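# Residue-level structural notes
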Amino acid sequence: MNKKIIAMSAMMVAAVSGIAQVDSTATKLDQVLISADSKFELTRKDSGKPVIKITRADIEAQSAASLADLLNQYAGIEMNGARSNAGQNLGYFVRGGSTRQVAFLIDGAQVSDASNISNEFDIRLVDLNQIEEIEILKGAASTLYGANASTAVINIKLRKSPVTGVRVTVASFIGTNKSVEQANNGPDEFTNSVQLQGTAKKGLTYGVGFNHQATNGGLSAAEAADGASPNESDDFNRVNLLGRIGYDNRENFKISSYLSFDEYTAEFDDFTLVDANNETYSRQVRWGTNVNWKYSKKGEIVYTDVSTHTRRDTRSSFPSLYNADGYSLDLYNKYTFDIGEESSLKTILGFNFRTDRYEDFSIPFGSSSFEQNADKDDVNAQIYDPYLNVVYISDFGLNVNAGARYNKHSNYDGQVVYNLNPSYRFDLGKSTFKVYGSYSTAYITPSLFQLYAAGFGNDELEPEENTTLEAGLSWTKGKSTVTVSAFQRDENNLVQFVTIDPVNFISQYQNVEEELTAKGIEVSGQTTLFDKLMLTANYSFIERNDQSLLRRIPKHKVNASARVEAIARGFITLRYQYNDDRGDSFFNSNTFTNDAVVLSSYHTVDLDLTYGLKNVPATFFAGINNVTDTDFQELFGYQTRGRTYKVGVRYQF
């Protein structure tokens, strides 16, 4: 109870102080450009949703973090597994939803892995050094982004070339990797990165990048039982290669294509939490293209696509092999109609196409060779979606974002989803207030795994349907802003893994009849004091009608940070996080059932130090993760990082 009081007090102090977590830009916060909620670049003051924008400056301020670490600091987002072993499977829980309700995009094109249970994209494959910025749109967004965009859309934008010349960035970090129970025994984690981006005089743009991360020793995946010898470390090794080339005439046309190769090997223990020498190998080859043609001052055609080819090889007592292919294309026309001097109607008319397929192999009991369970010719699906979206921007503060999409899945009848999002902005003295609301529907088709997986799949599954109602208020004054949002999401026709024959241990994916309602409140804020101190904080409250404790999702969560320029070019950043009690379950090998458990609440504090040399383009970093060496679990039976240290340097020329 005391921990909850402390956390709630921290949230109230943050709100009263006018602190919020939106964007690290310290001036003119309402002028920050965002595009996730409309596909037009709008100032924040003209947007009807609290879009989160993470800039390159935000990323570089936490250079030793992973992508999951970074996303985990924002309101309503729980990246479960981010503080665990580097190879830990991640759960993407936004606003009390599930992994399958989050859509990931890279440079505007949706990416996924059809062989995963929820068709989710594995962000362990992505290194932060490849990323220019990230935009997060929370709430149902199927109108613009199609199936699975129910709780959030996370658009990852790759590094951009400089306007002219060549930019080379070299970075290297070493650190420890241990649990609370372990002593620091030297460096166990190594990260190295080389990035080059450039622009030639005639508009040619190009870039190449290499990243390598390895943990060799220290943290185990599963935690040893009380009194038992410590488990062996479970290592993680990842390589990222990225190349891109393009052309930009700086007037009305640009094209860019990229090719990436990402792979990792992650060791893990048995699901019974017994130490084992298992490992997963995952590799994804991905290429994509973006084209922007401004055919007039008011009109633009945008084309973006991505092709993904994934191989997952699990080497354990139950070996398996998956090969998955995915392709996504988005083509749309943007046109702005001027209504008055300061009012306009911005329109989007587009078409989205997606196709996914996979095959899998396993070794049957009593055999020594792989046999095929699913073939790509049989396990595949296509989606054909036309859509329309309009944004009305008035000259008196009223803005309306509305749209509709026709979802046509190869396995199902067509379904219409829509969105209505009005907002009104007004000034009061030197303060700007904005009130907004939205009503959005989403359509979530079952994954190929849920439909066709051997022994578990059910080809009679029907799609899930979601509706989300949201309302909010934001206040901005100078370098301070506060946003408060409340939402309710109703989910119907849920797809869940159901035991249909407990005697013979037979389970299957099925639609369940009960309706689930998730609702919550998010408070976030930001301010800058004396041009030296930036304070940010956010608070999330989430509950659902079907569980008193959500599985691995905290009912109350607080994030706060303070970043101060202590000396010229020297910054100290202190971050705090509180996670409330969460539910979880584990497989009981004695009763052959899943038993419910409660994961206790916890607090963590992290510290980052950066210092840039005056006449040399080099920046030095040092960080302490989990300063208080707090012992906690994100997943029952699995270890998390204790107090660990990282040091590194970045050199850019």
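The paragraphs below set out a description of the structure included in this document.

Reading the values: the criteria
- Residues numbered from 1 in each chain as written.
- Predicted model: local features only at pLDDT ≥ 70, side-chain atom pairs only at ≥ 80, totals over all residues.
- Heavy atoms only, no water.
- Helix = DSSP H or I, 4+ residues; strand = E, 2+ residues; numbered from the N terminus.
- Buried < 20%, exposed > 50% of the residue type's maximum accessible area, 1.4 Å probe, protein only.
- Contact = heavy atoms within 4.5 Å.
- Lys, Arg positive; Asp, Glu negative; His and termini not counted.
- Charge placed at Lys NZ, Arg CZ, Asp CG, Glu CD.
- Pairing = 2+ DSSP bridges.
- Core = buried A, V, L, I, M, F, W, Y, C linked by side-chain atoms within 4.5 Å.
- Patch = residues over 30% accessible without salt bridge, like charges linked within 9 Å, V, L, I, M, F, W, Y side chains within 5 Å.
- Areas by Shrake-Rupley, 256 points an atom, 1.4 Å probe, with all protein chains shown as cover.
- Salt bridge = Lys/Arg side-chain N within 4 Å of Asp/Glu carboxyl O.

### Focus on the overall build of the chain
Scanning the chain from N- to C-terminus turns up 5 helices and 36 strands. Summarising its shape, the C-alpha atoms of the chain cover approximately 75 × 60 × 55 Å along the three principal directions. Burial status across the chain gives 56% buried among its 653 residues. A separation threshold of at least 6 residues defines the contact pool for the chain, and within that pool the share at least 24 residues apart is 62%. The averaged location of the 79 negative side-chain charges in the chain is 10 Å from the averaged location of its 62 positive side-chain charges.

### Let's talk about the pairing of strand β30 (residues 556-567)
Within a regular beta strand, the side chains point alternately toward one face of the sheet and then the other, so they alternate between its two faces. Judged from the 9 bridges that link them, strand β29 (residues 533-544) and β30 form a sheet pairing that is antiparallel. Looking across to β30, one finds that L533 is bridged to V564. In this structure, the hairpin formed by β30 and strand β31 (residues 570-579) is closed by a connection of 2 residues, where R569 is found at a positive phi of approximately 70°.

### Section: unusual backbone geometry
Of all residues except glycine, most have a negative phi; of all peptide bonds, most are trans. Phi at R552 is positive, roughly 65°, even though this residue is not glycine. The topology assignment puts R552 in the loop between β29 and β30. Judged by relative accessible area, which is 17%, R552 ranks as buried.

### Focus on the nonpolar core
Among the nonpolar cores identified, the biggest contains 33 residues, and I54, L67, L71, F104, I123 and I134 are the most heavily contacted of them. Every element with two or more residues in this core is listed here: β3 (52-54), α3 (67-71), β4 (77-80), β5 (91-94), β6 (102-106), β7 (109-111), β8 (131-138) and β9 (152-158). Sequence-distant contacts of I123, that is, excluding residues within four places in its chain, are made with L67, A68, L71, M79, L90, Y92 and F104.

### Observations concerning a nonpolar patch on the surface
Taken together, the side chains of V170, V194, F210, L241, I567, Y611, L613, V616, F620, Y651 and F653 define a hydrophobic patch exposed on the protein surface, amounting to about 910 Å² of accessible area. Counting through the fold element by element, V170 comes out in strand β10 (residues 165-175).

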